[in-house]
Amino acid sequence: MIKGRHIRMESLLIVRFVLPLFIILTLSLIVGFLIYQQTSSVLEDEVKASNRLLLEQGMNVLDKRWEDIDTQIRRITNDLKVARLQQIDDPFGVNLYRTIEARGRLLEYYISNELIMNYFIVFKNSQLVLNNDYTSRLDDFSSVLQYPNQSENFLQSLVETYHNRDVIPAGNVSLQGTQYELLTYLRSFGFSNYSNGTIIMLIKNNEMTKLFKRFDTDGSWIYIADEKGKIITSVEGPNAKMPQERLVLPYSSGVMSSSINGDDMMVTYVTSAYNGWTYVAAQPSKVVLKKITYIKNTTITIFLLFLFSGSLIGIYMTYRNSLPIRKIIHTLANYRMMPDDPKSGAFGMISQSISMLMTSNQELQSKMERQLPFLRAAFFEKVLRGQFQSDADMEAVRTHVRVDWMGEAYLVAVLTFPDRTTTAVNADEIEYLNQKKLIASEILIEMIPDVILHDVDVDKIALIMQFTEDEPASIYGKAAGYLESVQLQIQQQCGIASIISIGNYYPQRMDITRSFFEAQQALIRSKDNRIIWFKEILPNPSSYYYPENMETRLINLVRTGNEETLVKLLSELHWHNFVDRSLPVLVLKVFLFDFAASVYKISGEIGEVTGVETAVAAASILDKVESIEAHYIQLKNKLEEMSRSVRHKQNDRQQQWFQEVIAFVDNQYSDLQMSLALLAERFNVTETYLSRLFKEKTGINFFDYIESLRIEQSKKLLITTELTVGEIALRVGYSSSNTFGRAFKRTVGISALAFRNGNSGEMQE
């Protein structure tokens, strides 16, 4: 019955997919005809809006650049050392120092504006012409800057006249013997309508007009007029008939149709709020309508093609796209998860099935939450027993069981109750001990900050204490204060006697197991003491030192190549067994056999058995302390050698991987998006790890490395190409010429232009 239901649902599902498609296609034909009627006016409005937006964008860019120029001029004219030159008569006599000093100040006003070809300051009183790399008198300056279409005394007249943001229209200007198409921007300083001097800014006309190349089409033109109505620059397309005078415009901005020189033109115009300049662009109406007609015809053709092909493809895709849903229905039917309501339809059935699955998932999550305490208990059991190979493995499990470490140093204590008299315990005694542990646990959590409790036996609780300081005296003092207060509180409130044994503190989480082992050893030696410290007990002269978790720790250290910690641990074993204690030969032989067995096991796990078997076999004939010690050192050296071998293999793999990272950076350094975050995501590591590795492998951090690549490439481009500073900045990976300029000067010590000028000989070669 279920199978028959799901077959009917699949058939209805296909019909349900196909039917909307045919309805949509039919409606599309009707809507398409209506859209066609409105296409002409809509597209025409879009073209007008697009032209106006383009014109406004170009105007805004130029406004920003002119604002930068005016700001820089104000800084120059307000500089006291420059302003003092207005009053002197002889700039090369007694005032030579002032002239040199003012020129030096101009070096601080570096202008990185792509509009500017060059600038000069002309002082009326002294006839001095000055900029940051040029100094002369006005008579000599006439051979440097010439206006072929102006009179001979044109420069002199510029100085004599007061200028307030005046512009000389674009035209041929000779600068140092080379002809350029330039605008001249004039600003005087001094009193109102009286000039003490004039700043002459030479503006590249091609930089002004390149923003409007979009209008450089057949029959189109654009011009810019200043606030007085004077046309200062223009761009004309092929066959364009530009008016001789500026147009009379009804508003400050807009779009209008007008007959100009016998042609119907669509005129777009905007006016700058910054300087009052008017930007006017005109395109032949027939060109605009031709584009609109082409777009209309293309749209209709594409629509009909899609309508026909969509009908064919739609039927096929409907069948294919419904396949996953039909498979879901089939799967649900096979697992007998179909709801009882037959009227719900395919999607209703799937929705109800998903609800059932979500309910099951929530129940599973609830069960997992209930299991979380057991998972945490297992985690702390592994921590105390030293069963993690590395700190990274411990960290991975810690995140999964949601445990937070709060300290920088760790110390383990074991709390137990001394009134047990029998080895075997019955149910009543277990219940009594559990009550004791519960009361003690509540007091411990209340009185000791950030303590972690873990049951290690029916009558024992392990306390992992965390400390934020690293001074031994402070740590031991705080631990003693906490534990004495806890013990007293348990005795006073509940009448329960307790014994607390305490291991040494360690700064590494991997050494928590050592502190736990020491606390256990101290507990064995506790006798009648209520609180006993491992650091205060004397070693047992009749037994060797080889803790139960020592083999696990040795295996983990060799596997991870942690030679430094391994050496410390092996030296500790040597000191305890051959230096601190005078053990009999027989006891030392037992220790050596235990140690040799561990070494043999470790070597087998990592595939380094050679040489170990001989040393183990030789240990059976030892009969002197010196010989036993020598064989221990031999095995110790073998372990250290295995650890080094593991570390070298890891370093080789890491070095090969890092070379891939370096190669990627060297190829992609010019990408504006290149960053440490992008690189970390690309190679699936953390930013912190990658940053540390960069510093370790290259000697510099990532940002210095990427900047050095970009600056070196920019040097080559400055010497071997004629690209502008802004173009070079973008090509090597900087978002702006200002950012590039600061980075270049910080790294090289001089500006990019100064570097190019200083190496111009290499460019010519």
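Look up a bit, the structure's there.
Residues numbered from 1 in each chain as written. Predicted model: local features only at pLDDT ≥ 70, side-chain atom pairs only at ≥ 80, totals over all residues. Heavy atoms only, no water.

Here we look at the layout of surface pockets
The criterion, for reference: Only protein atoms enter the 1 Å grid used here. Points where a 1.4 Å probe fits but cannot escape make up a cavity, open sets with protein on both sides within 12 Å along at least five of seven lines make up a pocket, and a residue lines them when an atom lies within 4 Å of a point. Grid points are joined across faces, edges and corners, and a volume is the space filled by probe spheres set on the points. All amino acids are sorted into three groups, where Ala, Val, Leu, Ile, Met, Phe, Trp, Tyr, Cys and Pro are nonpolar, Asp, Glu, Lys and Arg are charged, and the leftover types, Gly among them, are polar.
Put simply, the second largest pocket is a space of about 760 Å³. Taken together, 33 residues line the second largest pocket, and the ones lying closest to its centre are Asp-391, Leu-557, Thr-560, Asn-562 and Thr-565. Residues belonging to the lining of the second largest pocket are distributed by class as follows: ten nonpolar, twelve polar and eleven charged.

Concerning the nonpolar core
In globular proteins that are soluble, nonpolar side chains generally tend to be buried together. Note the threshold: We define a nonpolar core as any set of buried Ala, Val, Leu, Ile, Met, Phe, Trp, Tyr and Cys residues linked to one another through side-chain atoms lying within 4.5 Å. Buried residues are those whose accessible area, probed at 1.4 Å on protein chains only, stays under 20% of the maximum for their type, while exposed residues exceed 50% and partly exposed ones sit between those limits. A run of DSSP states H or I qualifies as a helix once it reaches four residues; a run of E qualifies as a strand once it reaches two. Both are numbered from the N-terminal end. The contact criterion used throughout is that any non-hydrogen atoms of two residues lie within 4.5 Å.
Core analysis: the largest hydrophobic core is formed by 38 residues, its most contacted members being Trp-66, Ile-69, Ile-121, Met-201, Ile-203, Met-208 and Tyr-279. Ranked by the residues each element gives to this core, the list is headed by helix α1 (residues 2–78), at seven residues. In this structure, Met-208 is in contact with Leu-62, Trp-66, Leu-115, Leu-183, Ile-203, Ile-224, Thr-233 and Trp-277, ignoring residues within four places of it in sequence.

A look at unusual backbone geometry
Even without a glycine there, the phi angle at Gln-176 is positive, about 55°. Mapped onto the elements, Gln-176 comes out in the loop between β5 (164–175) and β6 (178–189). For Gln-176, a relative accessible area of 62% corresponds to the exposed category. Residues other than glycine seldom take positive phi values, yet Asn-239 does so here, at roughly 65°. Topologically, Asn-239 is positioned in the loop between β9 (231–236) and β10 (254–260). What makes Asn-239 exposed here is its relative accessible area of 66%.

Structural notes on the pattern of salt bridges
Inclusion rule: In what follows, salt bridge is the name for a side-chain nitrogen of Lys or Arg lying within 4 Å of a carboxyl oxygen of Asp or Glu.
For the structure shown, the criterion picks out 22 salt bridges. Among the charged side chains, a network of salt bridges with common partners joins Asp-70, Arg-165 and Arg-187.

Concerning the packing of helix α21 (residues 702–720) against helix α23 (residues 737–748)
Rules: Geometry is summarised by axes, namely lines fitted to C-alpha atoms with helices restricted to the contacting stretch, and by angles between N-to-C directions that run from 0 to 180 degrees. Each angle is binned into one of four classes, with values under 35 degrees roughly parallel, values over 145 roughly antiparallel, values of 65 to 115 roughly perpendicular, and all other values oblique.
Two elements in contact, α21 and α23, have axes whose closest approach is 10 Å; the angle formed by their N-to-C orientations is 95°. The angle between α21 and α23 places the two elements in the roughly perpendicular class. Mapping the contact onto sequence places Glu-707, Ile-711, Ser-714, Lys-715 and Leu-718 in α21 and Phe-740, Ala-743, Phe-744, Arg-746, Thr-747 and Val-748 in α23. Looking at the contact of α21 with α23 residue by residue, the classes come out as six nonpolar, two polar and three charged.

Looking at the sheet that holds strand β13 (residues 409–416)
Worth spelling out the cut-off: Criterion used throughout: strands pair if DSSP finds at least two bridges between them.
What the five strands build is an open sheet, ordered β14-β15-β13-β16-β17; its pairing is mixed. Strands with a single pairing partner mark the edges of an open sheet, and in this sheet they are β14 (452–457) and β17 (531–533). On average, each strand axis in the sheet is tilted by 25° relative to the strand beside it, whichever way the strands run. In terms of strand pairing, β13 meets strand β15 (residues 460–467) through eight bridges, oriented antiparallel. In the sheet register, Thr-416 faces β15, and the bridge partner there is Lys-460. Relative to the sheet, helix α12 (residues 472–494) contacts β13, β15, β16 (499–502) and β17, its axis offset from that of β15 by approximately 140°.

Concerning helix α20 (residues 687–698)
Filter applied, for reference: The span one expects for a helix is its residue count, reduced by one, times 1.5 Å. Directions from the helix axis toward the C-beta atoms define the arc.
The terminal C-alpha atoms of α20 lie 16 Å apart, and with twelve residues this matches the ideal 16 Å at 1.5 Å per residue to within 8%. Among the residues of α20, Leu-690, Leu-693 and Phe-694 are the ones counted as buried. Buried residues along α20 cover an arc of 105° about the axis, so they all sit on one side. Looking at the buried side of α20, the elements it contacts are α18 (625–668), α19 (676–682) and α21.

In short, shape yes, function no, at least from these values alone.
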